[in-house]
Each structure stands twice: as C-alpha cells, then as structure tokens.
Amino acid sequence: MVGRIGLGAMGMSHGYTGAGSDDAESIRTLHRALELGVTLVDTAEVYGPYTNEELVGRALRGRRDEVVLATKFGLISHSGREIPDGSPASIRTAVEGSLRRLDTDHIDLYYQHRVDPTTPIEDTVGAVAELVAEGKVRHIGLSEAGVNTIRRAHAVHPITAVQSEYSLWTRDPEDGVLPLLRELGIGFVPYSPLGRGFLTGTIRSPEQLAADDFRATNPRFTGENFHRNLALADEVKGIAAGIGATPAQVALAWLLTKGHNIAPIPGTKRVARVEENVAADGVELTTEQVAVLEALTPPSGEHHNEQQMRMLDR
C-alpha cells in the first residue's frame, strides 16, 4: 500500500544533469515529499550509476520505515554478460550492492529494470523469490514487461507491481498491460507521467536541453517532432488554466482517474515541484475534461530512442 503519488529519484543524479546535481536540495525534496505523505520512493542501481541509491540511502537515514523503497536491477551486468542481464548470478551481486548503498537490510519492491531476452523470466523471478524467502526483498516488480512475460512471471511468484512509461504522452499500456494487471491484481507504477517534462509546458525549444540531457536524443524532443508536440503541451496548458491548476497537475490527475491500482512516480529534485505534484491528488477532473484530455493530439515520434526501444518487452 502506497500513497497515490510517489517520487522518482532518478533525475536527482542521472539523466537530466544539465544544470548539475544539488544533493542538499535533493535531500530536502525527499524529506518534503515524506512530510506531504509520499510513501513510494523509486531509484535504481544504474542511476548514476550507483550514486542515486547512495543519495536516497542518505536521505532516508533514520526515516527508512516511512517509505516503500523501490530499486531495480538488470541494466548493469554483474556476470560479464550483455545487458539487460536478468541472470540469477547477476541478481545475487546486484542486490547486495543495492542494500549496502541504500543502507537498509531489505528492499520493499525490487524490479527487473528491463526484461532479459536471454534468461527465461521464470529463472529471473525464481532468483528474486529466493531473496524474498531470505527477507532481503519484500515484493517483486517488473519494468516495461509485456503481457506474456507478466503472466509467466506471476505464475512463478506473485508480481506486486509493473512499472512502465504511461501518460497523456505515452498510452501504450492501455492496449494489453493495464487490463491484465487489473485481472491479476497487480499494481501499476507509471514512470515519466509528465512526458519527461514536456507536458508541463515549460520546455519550448530543444535548445533548453543540455548536451548531456538524455532527452536530447529522444525523437519526440528533436526536429519537427518537437515543434509538432508543442500543440499537445499547449492543449494541456489550456485545460489547466480553465480549472485553476498547473499542466503537471492536470496530467497527473488524469492518470489517477485510470484506476486505484495506479501510483505514478513523477521525478523532481526541487521542493516546489514535489509540492506541486503531490497537490495533483486534490485536482478533480470532470468526465467531460477527461474525455477532452483523451482526445488530445497524439505526440509525434517514438517515446524512446532506437536503442532504448529495443529493450522494451512487447
């Protein structure tokens, strides 16, 4: 059980680093999130790599019991294989590193970050199930897993949550994953629920992105796609203005209408943004407003670059 809106910690030290990282502000943001009732905090060993788990571990020192702490394995190989690596040997090494960096004796929710096509999902989930039996992991999750993989995994050990990109910007999970999760009683955790920041309406030009910002190679943030996608951001902004909310709050409020098993994890490293995001739980959308949002202009371009698209399990 978690609060309706969680916190993605990745951007505090990975991916969106153009303005540099500010660990002190990030820790203040995490602490403010806890004060506001956020209970799901999400990180991964690959963020940094490793430094994001260390940051989260420092921030939660003395407050560990207040959160459901989620991290992920598989996008770093500890067995000398290609990634994604879901082999039992790699998992055994990965979990010990994450426990140490997070300064905890257990991980509440342990995700396979991307499905490993070379390791049967039964073997991967079986290895994590052993960690559950040992008390090192409480619950098992999958990230960007397709319908068949989820069914096979759930048959080995109950899957607690699936994490995939989902927003007004990326609605792929509606085609098969969301109905299956409702059938099986599995929670859903949308990452990038604000379209990697595009839906906030604050990004008006590709030149705003630093060279080391991973969005600089995202097809939706480049070329003609970027300029076409401004129409979607502007439509969300118009609806927000009409109800006295911010675009980010409207995008999150729409997600919360999609089911009680959904807990988005908007990422931020700023106190003001976490306050804005959490307040989205108080934004009430009418049936008509939801219908308008669902009929918005579809975005142009794939939601990942070519390399990242190849790692999505479909």
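All values derive from a computational prediction rather than experimental measurement. (Residues numbered from 1 in each chain as written. Predicted model: local features only at pLDDT ≥ 70, side-chain atom pairs only at ≥ 80, totals over all residues. Heavy atoms only, no water.)

A.B. asks: Help me understand the overall build of the protein, please; the structure alone is not making it clear to me.
C.D. replies: Scanning the protein for helices and strands turns up 11 helices and seven strands. Computed over C-alpha atoms, the radius of gyration of the protein comes to 19 Å, within 12% of the 20 Å expected from 2.2 N^0.38 for 314 residues, which places it in the range of a compact globule. Expressed as lengths along the three principal axes of its C-alpha atoms, the size of the protein is roughly 50 × 40 × 35 Å. Expressed as a percentage of its 314 residues, the buried residues of the protein come to 55%. Long-range pairs, those at least 24 residues apart, make up 76% of the contacts in the protein with a sequence separation of at least 6. Looking at the protein as shown, the accessible area adds up to about 12900 Å², and 52% of this sits on carbon and sulfur atoms. Treating the 31 positive side-chain charges of the protein as one cloud and the 42 negative ones as another, the clouds have centres 2 Å apart. (Helix = DSSP H or I, 4+ residues; strand = E, 2+ residues; numbered from the N terminus. Rg over C-alpha atoms; globule rule 2.2 N^0.38 Å. Buried < 20%, exposed > 50% of the residue type's maximum accessible area, 1.4 Å probe, protein only. Contact = heavy atoms within 4.5 Å. Areas by Shrake-Rupley, 256 points an atom, 1.4 Å probe, with all protein chains shown as cover. Lys, Arg positive; Asp, Glu negative; His and termini not counted. Charge placed at Lys NZ, Arg CZ, Asp CG, Glu CD.)

A.B. asks: Explanation requested: the pairing of strand β6 (residues 159-165) in the structure shown.
C.D. replies: On any regular strand, side chains alternate: one points to one face of the sheet, the next to the other face. Of all seven residues in β6, six are buried; the element is thus mostly enclosed. In the sheet, strand β5 (residues 137-143) pairs with β6 via four bridges, with the strands oriented parallel. Within β6, the position partnered with G141 by the bridge is A161. Handedness of the crossover joining β5 and β6 through helix α5 (residues 147-156) is recorded here as right-handed. The pairing of β6 with strand β7 (residues 187-191) spans five bridges and is classified as parallel. (Pairing = 2+ DSSP bridges. Right-handed = clockwise from strand over helix to strand, strands pointing away.)

A.B. asks: Honestly, the sheet that holds β5 in this entry has me stumped. Any pointers?
C.D. replies: Picture the strands of a sheet paired through backbone hydrogen bonds; they go either parallel or antiparallel. Within the open sheet, the seven strands sit side by side as β1-β2-β3-β4-β5-β6-β7. Their pairing is parallel. Taken across any chain shown, the strands that pair with only one partner, and hence form the sheet edges, are β1 (7-8) and β7.

A.B. asks: I tried to follow the nonpolar core on my own but got confused; where do I start?
C.D. replies: Side chains that are nonpolar tend, in soluble globular proteins, to be buried together. Y110 and I150 are the most contacted members of the largest nonpolar core, which has 61 residues in total. In terms of residue count, helix α8 (residues 247-256) provides more of this core than any other element does, eight residues in total. Those residues in contact with I150 that sit more than four places away from it in its chain are L142, A145, V162, V177, L180, L181, L184 and I186. The next biggest cluster of nonpolar side chains, apart from the first, holds 18 residues, and it includes V38, L102, V274 and V278. (Core = buried A, V, L, I, M, F, W, Y, C linked by side-chain atoms within 4.5 Å.)

A.B. asks: What is the right way to look at the packing of α5 against helix α6 (residues 177-184) in this model?
C.D. replies: Helix-helix packing is described using two parameters, namely the angle between the two axes and the distance between the axes. Direction vectors running N to C along α5 and α6 enclose 20 degrees, while the axes themselves pass 10 Å from each other. For the element pair α5 / α6, the angle class is roughly parallel. Crossing geometry of α5 relative to α6 is assigned as right-handed. On α6, the residues touching V147, I150, R151 and H154 of α5 are V177, L180, L181, E183 and L184. (Axes fitted to C-alpha atoms, helices over the stretch in contact; angles between N-to-C directions. Parallel < 35°, antiparallel > 145°, perpendicular 65-115°, else oblique. Left-handed = near helix turned anticlockwise from the far one by under 90°.)

A.B. asks: Sorry if this is basic, but what is going on with the pairing of β7 here?
C.D. replies: Across the five residues that make up β7, a large majority, five, are buried. Alternating positions in β7 separate into two faces, G187, V189 and Y191 on one and F188 and P190 on the other, with burial throughout.

A.B. asks: I would appreciate a short explanation of the environment of L255 in the present structure.
C.D. replies: Within the secondary structure layout, L255 lies in helix α8. In this structure, the C-alpha to C-alpha distance between L255 and R101, residues 154 residues apart in sequence, is 32 Å.

A.B. asks: Whenever I open this one, the pattern of salt bridges confuses me. Can you help?
C.D. replies: Side chains that differ in charge, positive against negative, can pair when their charged atoms come close. If you walk through the whole model with that rule in mind, you get 28 salt bridges. Ionic pairing is found between E276 and R273, a salt bridge with its closest N-O pair at 2.7 Å. Residue E276 and its partner R273 are both found in helix α9 (residues 271-278); the two are separated by three residues, about one turn of the helix. A single salt-bridge network, built from bridges that share partners, covers R92, E96, E130, E134 and K136. (Salt bridge = Lys/Arg side-chain N within 4 Å of Asp/Glu carboxyl O.)

A.B. asks: I keep staring at the packing of aromatic side chains and nothing clicks. Help me out?
C.D. replies: The geometry of an aromatic ring pair comes down to the distance between the two centres and the angle between the two planes. Enumeration according to the criterion identifies seven aromatic pairs in this entry. The interplanar angle of 25 degrees and the centroid separation of 4.8 Å between the aromatic rings of W169 and F198 together place this pair among those described as stacked. Here the residue W169 occupies a position in the loop between β6 and α6, and F198 occupies one in the loop between β7 and α7 (223-243), the gap between them amounting to 29 residues. Summarising the burial analysis for this pair, W169 and F198 share the class buried. Centroid distance F198 to F226: 5.1 Å. Interplanar angle 65 degrees. Geometry classified as edge-to-face. Placement of F198 in the loop between β7 and α7 and of F226 in helix α7 is noted, with a sequence separation of 28 residues between them. As far as burial versus exposure is concerned, F198 and F226 are alike and both buried. Feature note: the residues W169, F198, F221 and F226 constitute an aromatic cluster, connected by ring pairs. A cation over an aromatic ring shows up here: R220 above the ring of W169, its NZ or CZ 5.2 Å from the ring centre. (Phe/Tyr/Trp six-rings, centres within 6.5 Å; stacked < 30°, edge-to-face > 60°. Lys NZ or Arg CZ within 6 Å of the ring centre and 35° of its normal.)

Read these as spatial facts, not as claims about activity.
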